[in-house]
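Listed here are the chains, written in short residue letters.
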Amino acid sequence: MPKILWLVSVTLPEAAAAVGLPAGQVGGGWLSGMLAALPAELPLTVVSVDARTKTARSGKTDGVRYLVVPDVSGFGAILARLQPDLVHIWGTEYTAALAMQQEAARQNLPVLVGIQGVMCDCAEHLCDDVPPQYRHSNWIQRGIDRVVPGGLLDKMQANFDALAQSEARLLAGARHVTGRTGFDRRAVARLAPDARYYPCNETLRPVFWQSAGSWRAREYGQGPVLLLSQGNYPLKNLHTLLKAMPAVLREWPGAVLRIAGWPPLDKGKLLRPVIDAMFPYQTWCKKLIARGKLEGHVQYTGPLQAAQMRQAYLDADLFLLTAYSENSPNSLGEAMLLGMPCVAAAVGGVPDVTAGGAAAVLYGPAGDADALAEAICRTLALSDHGTALGRKAADLARQAHDPAANAARMLEIYRQVLAAEQGAADA
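Described below are features of the structure shown in this document. Remember, it's a predicted structure, so these values are computed and weren't measured experimentally. (Residues numbered from 1 in each chain as written. Predicted model: local features only at pLDDT ≥ 70, side-chain atom pairs only at ≥ 80, totals over all residues. Heavy atoms only, no water.)

**Observations regarding the packing of helix H4 (residues 95–106) against helix H8 (residues 153–172)**
Contact geometry for H4 and H8: axes closest at 9 Å, N-to-C directions at 25 degrees. Comparing the axis directions of H4 and H8 gives the class roughly parallel. The two elements H4 and H8 cross, and the hand of that crossing is left-handed. Together, Thr95, Ala97, Leu98, Gln101 and Gln102 of H4 and Leu163, Ser166, Arg169 and Leu170 of H8 make up the contact between the two elements. When the residues that make up the contact of H4 with H8 are grouped by side-chain class, the tally is four nonpolar, four polar and one charged. (Axes fitted to C-alpha atoms, helices over the stretch in contact; angles between N-to-C directions. Helix = DSSP H or I, 4+ residues; strand = E, 2+ residues; numbered from the N terminus. Parallel < 35°, antiparallel > 145°, perpendicular 65-115°, else oblique. Left-handed = near helix turned anticlockwise from the far one by under 90°. Contact = heavy atoms within 4.5 Å. Nonpolar A, V, L, I, M, F, W, Y, C, P; charged D, E, K, R; others polar.)

Written as structure tokens, this is what we have:
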């Protein structure tokens, strides 16, 4: 089998364990899913950049070698030492991806670029519908941020814009790209018109695959539980959901919205004005909660690892995806695989993932609070509490996220890329 080197955007839990780093709060997502499904005999090295380490760390588990490095400066030496047959860069939305592509080109190594999100679209929609007073910081906020970083949205926008430019440069030099949806395929056609595109679906984390179809509807009791997997920055569009909640509560007075992740930071009355100034999006969401009289109806779970996240889905009655930009979101795939009824914004690759809405209730535009509230209430009112919709979702997700099929497809893509590169070299 060919020697493969992966570059990934986060240190996977498997890598952290192998090299002696804390696992951290970010899981491996569908990278861990694909890793678990690939054959053990595949010679694979997984590289990540992690600021928590000051020196390069290495380890090996289950036949996979992991390298965790403090920065991109060692990429050249890694490639020269390992001499992989193919470099697979997972994701376009982080600066190390471009650095790895450039170093691989210098050493004449074939590169496959995998689309995760589409950063140019994320940057375009990052702050949609956020009032200007929260999007722009003043000199005092910027001064504090240099000492104690906060969540200033203009700084976040500048970072997203820079990553979108890095993505454009990466794709402009790409010859081989893998993706999953018509949305990312159109982005590749625009940004990498000469690249060959290879479709391959995601493989979700094993804990979700093992629990496929296990969600069960129940009576709502005190009220239905709605689940949102992420609400810490405006692209995920918690604000529109908070605007929609009063209308939901008129129909379902006991409804509760659970948000996976930390609540807004609060260090007491003395520091509250400073924190509010430094985290404007969270401050606006707090105001929306107060304005909508949503206290007691919005709960934050804190960060959840894979098994905890699975239980959060199973404990909820409806999954919500309200983001302004998504390609093939892990959270929606996980909820569908478990067999949950889902309401999602019809953005990006979501229509493809849900078979045009056959396996979820879609609404739009993403910022339309009335349309979102209507979709939520309509789904909650289904006589079977969404059981039939969830079964359609689970059936579709089982096909899309089948570990063996996706691993076989990825190996075939590796062979096709290497054959195409060899053919080009021989021409």
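**A word on helix H13 (residues 280–291)**
For H13, built from twelve residues, the straight-helix expectation of 16 Å at 1.5 Å per residue is met to within 8% by its first-to-last C-alpha distance of 16 Å. For H13, the full list of buried residues reads Pro280, Tyr281, Gln282, Thr283, Trp284, Cys285, Leu288 and Ile289. Buried residues along H13 sit against helix H6 (132–135), H8, helix H11 (238–251), helix H12 (272–278) and strand S11 (298–300). Immediately downstream of H13, the backbone of lysine 293 shows phi near 55 degrees, a positive value. (Expected span 1.5 Å × (residues − 1). Buried < 20%, exposed > 50% of the residue type's maximum accessible area, 1.4 Å probe, protein only.)

**Considerations on the packing of H11 against H13**
Running from N to C, H11 and H13 cross one another at 5 degrees; their axes reach a closest spacing of 9 Å. Of the possible angle classes, the one that applies to H11 and H13 is roughly parallel. Along the contact surface, H11 presents Leu238, His239, Leu242 and Lys243, while H13 presents Tyr281, Trp284, Cys285, Leu288 and Ile289.

**Overview of empty space enclosed by the protein**
One pass over the structure, following the stated rule, counts two cavities of 30 Å³ or more. Here the largest cavity is characterised by a volume of approximately 50 Å³. The wall of the largest cavity is formed by Trp30, Trp90, Gly114, Ile115, Gln116, Thr178, Arg180, Cys200, Asn201 and Met410. Here the residues of the lining of the largest cavity sort into five nonpolar, four polar and one charged. The calculated volume of the second largest cavity comes to roughly 40 Å³. Looking at the lining of the second largest cavity residue by residue, the class counts come to six nonpolar, three polar and no charged. (1 Å grid on protein atoms, 1.4 Å probe; cavity = no way out; pocket = protein on both sides within 12 Å on 5 of 7 lines; lining within 4 Å. Points joined across faces, edges and corners; volume = space filled by probe spheres on them.)

**Concerning the sheet that holds strand S12 (residues 318–321)**
For sheets, the rule is that strands pair by backbone hydrogen bonds, running either parallel or antiparallel. Across the sheet, six strands lie side by side as S11-S10-S9-S12-S13-S14; this open sheet has parallel pairing. Edge positions in the sheet fall to S11 and strand S14 (361–363), since each of these pairs with one other strand and no more. Put simply, the sheet's adjacent strands are angled 25 degrees from each other on average, direction ignored. Relative to S11, strand S10 (residues 256–259) is paired through three bridges, and the arrangement is parallel. Bridging from a neighbouring strand, leucine 257 pairs with valine 298 of S11. Contacts from helix H17 (residues 369–380) reach strand S9 (225–228), S12, strand S13 (342–345) and S14 within the one sheet, and its direction differs from that of S14 by about 165 degrees. (Pairing = 2+ DSSP bridges.)

**Considering the pairing of strand S8 (residues 196–199)**
As defined by bridge partners, strand S7 (residues 176–179) adjoins S8 across four bridges and the pair is classed as parallel. For threonine 178, the partnering residue across the bridge sits in S8 and is tyrosine 198. Taken together, S7, helix H9 (residues 182–191) and S8 constitute a β-α-β crossover, and its handedness is right-handed. (Right-handed = clockwise from strand over helix to strand, strands pointing away.)

**Some words on the side chain of glutamate 326**
Among the secondary structure elements, glutamate 326 is positioned in the loop between S12 and helix H15 (330–338). Of the residues examined, glutamate 326 reaches a relative accessible area of 11% and is grouped as buried. Here lysine 236 takes part through its side chain, which lies 2.9 Å from a polar atom of the side chain of glutamate 326. Those residues in contact with glutamate 326 that lie beyond four places of it in its chain are Phe183, Lys236, Leu321, Val347, Gly348, Gly349 and Val350. (Polar contact = N/O pair within 3.5 Å; in protein donor to acceptor, adjacent residues only side chain to side chain.)

**Side note on the pattern of salt bridges**
The final tally for this structure, using the stated rule, is twelve salt bridges. We note a salt bridge from arginine 218 to aspartate 317, for which the minimum N-O separation is 3.3 Å. Here arginine 218 is found in the loop between helix H10 (206–209) and S9, whereas its partner aspartate 317 is found in the loop between helix H14 (306–314) and S12, with 99 residues between them in sequence. Arginine 218 gets classed as partly exposed once you look at its relative accessible area, which sits at 33%. (Salt bridge = Lys/Arg side-chain N within 4 Å of Asp/Glu carboxyl O.)

**Remarks on unusual backbone geometry**
The residue after glycine 364, namely proline 365, is reached through a cis peptide bond having omega -5 degrees. For proline 365, the location among the structural elements is in the loop between S14 and H17. Even without being a glycine, glutamine 83 presents a positive backbone phi close to 45 degrees. Relative to the assigned elements, glutamine 83 resides in the loop between helix H3 (75–82) and strand S5 (86–90). Not every positive phi belongs to a glycine, and lysine 293 is a case in point at roughly 55 degrees. Within the secondary structure, lysine 293 is located in the loop between H13 and S11. We classify lysine 293 as exposed; its relative accessible area is 65%.

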